[in-house]
Amino acid sequence: MVSVIIPTYNRSNLVREAIASVIAQKEVTFEVIVVDDGSQDDTASVLKSFGSAIRHLLQPHAGVSAARNTGIRAARGEWLAFLDSDDLWLPRKLQTQLGFLGRHTEFKICQTEETWVRNGHKLNPKKYHKKPSGYCFPQLLDRCLISPSAVVAHREVFEEVGPFDESLPVCEDYELWLRIGCRYAIGLIQEPLTIKRGGHADQLSFSLPGFDRYRIRALETLLRRAPLSPSQQKLVLQTLERKCRIYGEGCRKRARDQEAEFFLGLPQKLAGELDLQMVP
């Protein structure tokens, strides 16, 4: 069985469509867990309209990571899938992924390609957004190339690497994929079976600036806690140094000298603390 986890917050107009796209999945046994992260609109009545077709969990507002983690703890399935409440699935999404995972038992996690839609208009991803497959840890370091809404993963993956980091307001998915990618190969289904919708005002990418600051935090945490090989440590440190240099120089241009000094010195500080060799 697949446990489908949908976190939502004040998106009653979108979550109805997201849930309907899950219920329309064909030839797969699944449960739908919708975690209402303290919504103040009419989300509760929308969820109630689905009756026993979904499990509705309510929690005080704590963010998308906490909502997903609540769903993970409640999940009863062998496989876990996530769907953001503004995204949609095509009807064969889960069927195709479970078929792929059944044929390719070397994978414990896979994602599908996506169709990107912003304000009702289709977008073409840039070349640097190309989704990787296999052991792709180096490709995952620079930017987030895995979408929560496109993923199906075996529950043992989360038992090994842990849940989403609730301390990160953004880039929580980037941080998790790094923890997974340094251990697991990631499968890719070339068919775009996930529809990623954007452009609405409540997207975190619009409301929180300085994403690289949180990517830097994720890389620092990875170096301190993840079981990285020496070659992986080298790659992480190189990426951290580059991101800290770019972010620190940006701070300096904006006369945020103390912040600039911190980020420009962070890679060397970490290398000393962790006894890592800086690479020129």
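Residues numbered from 1 in each chain as written. Predicted model: local features only at pLDDT ≥ 70, side-chain atom pairs only at ≥ 80, totals over all residues. Heavy atoms only, no water.

**Quick word on the packing of helix 9 (residues 211–225) against helix 10 (residues 230–253)**
Think of two packed helices as two axes; the pair is described by the angle between the axes and how far apart they sit.
Piece 1. Two elements in contact, helix 9 and helix 10, have axes separated by 10 Å at closest approach and are oriented at 155°. If you check the angle between helix 9 and helix 10, you find them roughly antiparallel. Where helix 9 crosses over helix 10, the two elements pack in a sense that is left-handed. Mapping the contact onto sequence places Asp212, Arg213, Arg215, Ile216, Leu219, Glu220, Leu222 and Leu223 in helix 9 and Gln233, Val236, Leu237, Thr239, Leu240, Lys243, Cys244 and Tyr247 in helix 10.
Piece 2. When grouped by side-chain class, the residues that make up the contact of helix 9 with helix 10 number 9 nonpolar, 2 polar and 5 charged. (Axes fitted to C-alpha atoms, helices over the stretch in contact; angles between N-to-C directions. Helix = DSSP H or I, 4+ residues; strand = E, 2+ residues; numbered from the N terminus. Parallel < 35°, antiparallel > 145°, perpendicular 65-115°, else oblique. Left-handed = near helix turned anticlockwise from the far one by under 90°. Contact = heavy atoms within 4.5 Å. Nonpolar A, V, L, I, M, F, W, Y, C, P; charged D, E, K, R; others polar.)

**What about the pattern of salt bridges?**
Piece 1. Summed over the entire model, instances satisfying the criterion amount to 22 salt bridges.
Piece 2. Linking Asp142 and Arg143 is a salt bridge whose minimum nitrogen-to-oxygen distance equals 3.7 Å.
Piece 3. The class for Asp142 is partly exposed, based on a relative accessible area of 30%.
Piece 4. Its relative accessible area of 27% is what places Arg143 among the partly exposed residues.
Piece 5. Between Arg242 and Asp142 there is a salt bridge, with the nearest N and O atoms lying 2.9 Å from each other. Here Arg242 is found in helix 10, whereas its partner Asp142 is found in the loop between helix 5 (137–140) and strand 8 (151–154), with 100 residues between them in sequence.
Piece 6. What makes Arg242 partly exposed here is its relative accessible area of 31%.
Piece 7. Through salt bridges with shared partners, one network takes in Asp142, Arg143, Asp212, Arg215, Arg242 and Lys243. (Salt bridge = Lys/Arg side-chain N within 4 Å of Asp/Glu carboxyl O. Buried < 20%, exposed > 50% of the residue type's maximum accessible area, 1.4 Å probe, protein only.)

**Observations concerning unusual backbone geometry**
Piece 1. The phi angle at Cys171 is positive, at roughly 65°, despite the residue not being glycine.
Piece 2. Along the chain, the position of Cys171 falls in the loop between helix 6 (155–161) and helix 7 (172–181).
Piece 3. A positive phi angle, near 55°, is found at Asp275, a position not held by glycine.
Piece 4. For Asp275, the location among the structural elements is in the segment after helix 11 (257–274).
Piece 5. The class of Asp275 is exposed, set by a relative accessible area of 72%.

**Some remarks on the pairing of strand 6 (residues 109–118)**
Piece 1. For strand 6 and strand 8, the ladder comprises 3 bridges, and the chain directions are antiparallel. Looking at strand 8, one finds that Cys110 is bridged to Val152.
Piece 2. By the bridge criterion, 3 bridges tie strand 6 to strand 7 (residues 121–123) in an arrangement that is antiparallel. Within strand 7, the residue paired with Trp116 across the bridge is Leu123. (Pairing = 2+ DSSP bridges.)

**Section: helix 9**
Piece 1. Given a rise of 1.5 Å per residue, 15 residues ought to cover 21 Å, and the 21 Å separating the end C-alpha atoms of helix 9 matches this to within 8%.
Piece 2. Asp212, Tyr214, Arg215, Ile216, Ala218, Leu219, Glu220, Thr221, Leu222 and Leu223 are the residues of helix 9 that are buried.
Piece 3. Of the surrounding secondary structure, the elements contacted by the buried residues of helix 9 are helix 5, helix 7, helix 10 and helix 11. (Expected span 1.5 Å × (residues − 1).)

**Here we look at the packing of helix 9 against helix 11**
Piece 1. At a minimum axis separation of 11 Å, helix 9 and helix 11 run at an interaxial angle of 10°. Here helix 9 lies roughly parallel to helix 11, going by the angle between them. Between helix 9 and helix 11 the crossing geometry is left-handed. Touching Arg213, Ile216, Glu220, Leu223 and Arg224 of helix 9 are Glu259, Phe263, Leu266, Lys269, Leu270, Glu273 and Leu274, all from helix 11.
Piece 2. Among the residues making up the contact of helix 9 with helix 11, the classes are represented as 6 nonpolar, no polar and 6 charged.

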